[in-house]
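One-letter residues, chain by chain:
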Amino acid sequence: MTSSSLFYLLIAIIIIVFLIDSLLDILNARHYNDQIPEELSDVYPKEEYQKSIAYKKANFKFKLVSSTISLGIMLLFFFLDGFAWVDGIARNVSNNSIIIGLIFFGIIMIGSDILSTPASYYKIFVIEEKFGFNKTTTKTFFIDKIKSIIMMIVVGGGLLALIIWFYEMTENSFWIYAWALISMFTIAMNMFYAKLIVPIFNQQTSLEPGELRDVIEAYSKKVGFRLKDIFVIDGSKRSTKANAYFSGFGSEKRITLYDTLIKDLDTEEIVAVLAHEVGHYKKRHVIVNLLLSIALTGLTLWFLSLFIANPLLSEALGVAIPSFHIGLVAFGILYSPISEITGLIMNVVSRAFEYQADNYAKNTYNSEALINSLKKLSKNNLSNLTPHPAMVFIHYSHPTLLQRIKNLRG
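Residues numbered from 1 in each chain as written. Predicted model: local features only at pLDDT ≥ 70, side-chain atom pairs only at ≥ 80, totals over all residues. Heavy atoms only, no water.

Overview of the overall build of the protein
When helices and strands are counted, the protein shows 16 helices and four strands. Against the globule reference of 22 Å for 410 residues, the protein gives a C-alpha radius of gyration of 23 Å, in line with a compact fold. C-alpha atoms of the protein, sized along the principal axes, occupy 65 × 45 × 40 Å. Sorting the 410 residues of the protein into buried and exposed places 44% on the buried side. For the protein, restricting intrachain contacts to residue pairs at least 6 apart in sequence, the fraction spanning at least 24 positions comes to 76%. Only carbon and sulfur atoms are counted for the fraction: they give 64% of the accessible area of the protein, which is about 20,800 Å². (Helix = DSSP H or I, 4+ residues; strand = E, 2+ residues; numbered from the N terminus. Rg over C-alpha atoms; globule rule 2.2 N^0.38 Å. Buried < 20%, exposed > 50% of the residue type's maximum accessible area, 1.4 Å probe, protein only. Contact = heavy atoms within 4.5 Å. Areas by Shrake-Rupley, 256 points an atom, 1.4 Å probe, with all protein chains shown as cover.)

Points about helix α16 (residues 401-409)
If you check which residues of α16 are buried, you get Leu401, Leu402, Arg404, Ile405 and Leu408. Down the axis of α16, the smallest arc covering the buried residues is 165 degrees, so these residues share one side. Looking at the buried positions of α16, the neighbouring elements they touch are α10 (267-282), α13 (324-364) and α14 (367-380). (Arc of directions from axis to C-beta.)

A word on the packing of aromatic side chains
Under the defined criterion, the tally for this structure stands at 29 aromatic pairs. A centroid spacing of 5.6 Å and a plane angle of 45 degrees characterise the contact between Tyr44 and Tyr49, whose relative ring orientation is tilted. When sorted by exposure, Tyr44 lands in the same class as Tyr49, which is buried. Arranged with centres 5.1 Å apart and planes meeting at 65 degrees, the rings of Tyr55 and Phe131 form a pair that is edge-to-face. (Phe/Tyr/Trp six-rings, centres within 6.5 Å; stacked < 30°, edge-to-face > 60°.)

Notes on the pattern of salt bridges
Per the counting criterion, the structure on display carries 11 salt bridges. With a shortest N-O distance of 3.1 Å, Lys63 and Asp25 are connected by a salt bridge. Placement of the pair is Lys63 in helix α2 (residues 46-79) and Asp25 in helix α1 (residues 3-29), with a sequence separation of 38 residues. A residue is classified by how much of its surface remains accessible, and Asp25, at 11% relative accessible area, is buried. Ionic pairing is found between Glu269 and Lys376, a salt bridge with its closest N-O pair at 2.9 Å. Of this pair, Glu269 sits in helix α10 while Lys376 sits in helix α14; the two residues are 107 residues apart in sequence, bridging distant segments of the chain. Taking relative accessible area as the criterion, Lys376 reaches 32% and is therefore assigned partly exposed. One salt-bridge network, held together by shared partners, links Lys123, Glu128 and Lys241. (Salt bridge = Lys/Arg side-chain N within 4 Å of Asp/Glu carboxyl O.)

Things to note about the environment of Gly248
Tracing the backbone through its elements, the reader meets Gly248 in the loop between β3 (244-247) and β4 (254-258). On the basis of relative accessibility, which here comes to 2%, the residue Gly248 falls in the buried class. Gly248 has contacts with Asn190, Met191, Lys253 and Val286, leaving out every residue within four places of it along the chain.

Thoughts on unusual backbone geometry
Negative phi characterises most residues that are not glycine, and trans characterises most peptide bonds. Phi is positive for Asp81, close to 55 degrees, though the residue is something other than glycine. Residue placement: Asp81 occurs in the loop between α2 and α3 (82-93). Note on Asp81: relative accessible area 39%, which makes it partly exposed. Here the phi dihedral of Leu382 falls at roughly 50 degrees; this positive angle occurs in a residue that is not glycine. Leu382 sits in the buried class, given a relative accessible area of 4%.

Structural notes on the sheet that holds β4
Two modes of strand pairing occur in sheets, parallel and antiparallel, and in both the strands are linked by backbone hydrogen bonds. The sheet built from four strands is open, its strands ordered β1-β2-β4-β3 with mixed pairing. Whereas interior strands pair on both sides, the edge strands pair on one side only; in this sheet they are β1 (204-206) and β3. In this sheet, adjacent strand axes meet at a mean angle of 30 degrees when their direction is disregarded. Bridge analysis of strand β2 (residues 230-233) against β4 gives four bridges, and the strand direction is parallel. By the bridge assignment, Val232 is partnered in β4 with Leu257. α10 rests against β3 and β4 of the sheet, and its axis sits at about 25 degrees to β3. (Pairing = 2+ DSSP bridges. Axes fitted to C-alpha atoms, helices over the stretch in contact; angles between N-to-C directions.)

Rendered as structure tokens:
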């Protein structure tokens, strides 16, 4: 294969992935006005359902336009030898391969973030605002951006520097050391994310004494779930949408409830949601997902080690001097079809885990309370009740509301 044919293969992959995603979105949009199944007839009042359709259509049009513009910018960058230009800037600053790689990806990532900011701003302050979801201020929006960039530089830059160093020291064996590094980082994030990262963006407080806390503690004791504390996060700072999640394992496990969830649901429904989250812990889903993630990372890095030293990758992007960072960009695109497949498999596993967690909540608490909570959350989030089956199969990490209700009542 020549560098020219590889270049056009990269372009073809980018366009095909875009077309498949767009086709799925179009198919999904054609189901927006489908008749609501009988089991879901009480989710939306008529006016609210029309609002949900309008919300879905607004997001569909926005995604189609923004993704098309992103595709155009990316193709323009490819055909104008943008990677060679950025690589040249980095090489003018330093001769050190690690510093060159960090500057190269720093320019690419920060440039990409700046270009995507207008679209992010529009989605939050126009679409989400129009439909009553947005609680973010302009100040919070830009502060979050700055914090994210700083974290990307410190954390992402540190990991990248070490990986490039491993490559410089061990060449094709670098993937083993990189895998060990990323695995340790992944485990640390799973254990301490709620303690280290969440406080940078949100305030977490212990759930106040009262009926809700008493009922949660009683349920936890009944099922043998050692609960160190129950945390409430100020999700209402940014959105009216509600959520709850389980994080960590061992002595660091914790359940976090959004303040919007506490506002939207009654005590029995909140405990049903918590029972679902406890189900994930009891069924060891956190550990299994962690191990699967680590295994997929190892697979990806092994594939990377097979191709990264090939100068054809750099030549395909118009860069004369082969390097790890340029090879990584080309490989990332080449690997994207495999990534789509592994992502699909992970979604299949995730949906199976959601059924298991639902069943746990059904068997240890109350299935109808969980159904009511799911219906309320779907209504309050203007969720899509009639998604296209292909969209569900490929992109949904959770079963649809209808599937979950049938399972809980089946």
